[in-house]
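Residue-level structural notes
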Amino acid sequence: MKMRVENQNFLQNLYENKISILEFLRCADRELRVANAFIFQTIEQAIQAADADDLDSALWLIRQAEAPEAFLDMLNALMIQPGHRSHQMIVKTLQDHIPSPQSIPFVRQALASNFDYLE
């Protein structure tokens, strides 16, 4: 199940500060706001489809999740994987919402990597 276009647009408006977080929470589909299963599924589908835009949207949703710590292992793994452009967002999400010493080796490895889009 690919994220619907209207949901992608809604998330983009929130990300670009065109709507407030309160408006998002009031109007967004319930599954968009907090459902960890939906977020996991969206991330996995975005990775399989190599869809960087859907991955960015799903990563933003982690910041709104009821239990963002459930995403620690997935984010650590994504931080060192090529094929997307969300490395900085992943690090920021970990830093702000899921601080963990478990992420340190992954941050070190990501810093030593040469991701194509950063060149």
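Scroll up to find the structure this text is about.
Keep in mind that this is a model prediction, so the values were computed, not measured.

Thresholds, definitions, all that
- Residues numbered from 1 in each chain as written.
- Predicted model: local features only at pLDDT ≥ 70, side-chain atom pairs only at ≥ 80, totals over all residues.
- Heavy atoms only, no water.
- Salt bridge = Lys/Arg side-chain N within 4 Å of Asp/Glu carboxyl O.
- Helix = DSSP H or I, 4+ residues; strand = E, 2+ residues; numbered from the N terminus.
- Buried < 20%, exposed > 50% of the residue type's maximum accessible area, 1.4 Å probe, protein only.
- Core = buried A, V, L, I, M, F, W, Y, C linked by side-chain atoms within 4.5 Å.
- Contact = heavy atoms within 4.5 Å.
- Axes fitted to C-alpha atoms, helices over the stretch in contact; angles between N-to-C directions.
- Left-handed = near helix turned anticlockwise from the far one by under 90°.
- Nonpolar A, V, L, I, M, F, W, Y, C, P; charged D, E, K, R; others polar.
- Parallel < 35°, antiparallel > 145°, perpendicular 65-115°, else oblique.

**A look at the pattern of salt bridges**
For the structure shown, the criterion picks out two salt bridges. The closest approach of N and O atoms between Asp56 and Arg85, which form a salt bridge, is 3.7 Å. Here Asp56 is found in helix H5 (residues 52-62), whereas its partner Arg85 is found in the loop between helix H6 (72-79) and helix H7 (87-97), with 29 residues between them in sequence. The salt bridge partner of Asp96 is Lys92, with a shortest N-O separation of 3.1 Å. With Asp96 and Lys92 both in helix H7 and four residues apart, the pair spans about one turn of that helix. Asp96 gets classed as partly exposed once you look at its relative accessible area, which sits at 37%.

**Quick look at the nonpolar core**
One finds Ile43, Leu59, Ile62 and Leu75 to be the most contacted residues of the largest nonpolar core, which totals 27 residues. Residue assignment for this core shows that the elements contributing at least two residues are helix H1 (5-15), helix H4 (36-49), H5, H6 and H7. Per element, the largest residue contribution to this core is six residues, and it comes from H5. The contact partners of Leu59, leaving out residues within four places of it in the chain, are Ile43, Leu75, Leu78, Ser86, Met89, Ile90 and Thr93.

**As for the packing of H6 against H7**
Two numbers describe how H6 lies on H7: the axes approach to 9 Å, and their chain directions differ by 145°. The handedness of the crossing between H6 and H7 comes out as left-handed. Here Leu72, Leu75, Asn76, Leu78 and Met79 of H6 lie close against H7, whose contacting residues are His87, Ile90, Val91, Thr93 and Leu94. A breakdown of the residues in the contact of H6 with H7 according to their chemical character gives seven nonpolar, three polar and no charged.

**Looking at the packing of H5 against H7**
For the pair H5 and H7, interaxial distance at closest approach is 10 Å and the crossing angle is 5°. Here H5 is positioned roughly parallel relative to H7, judged by the angle of their axes. Side by side, H5 and H7 meet where Asp56, Leu59, Trp60 and Ile62 of the first sit next to Met89, Ile90 and Thr93 of the second. Of the residues contributing to the contact of H5 with H7, the split by class is five nonpolar, one polar and one charged.

**A closer look at the side chain of Thr93**
Mapped onto the fold, Thr93 is located in helix H7. Exposure remark for Thr93: the relative accessible area of 1% places this residue in the buried category. Contacts of Thr93, omitting those with residues within four sequence positions, involve Leu59, Ile62, Arg63, Leu75 and Ile98.

**Structural notes on the environment of Ser57**
Positionally, Ser57 belongs in helix H5. According to the relative accessible area criterion, Ser57 is buried, its value standing at 12%. Residues Ser57 and Phe10 lie 47 residues apart in sequence; the distance between their C-alpha atoms is 9.8 Å.

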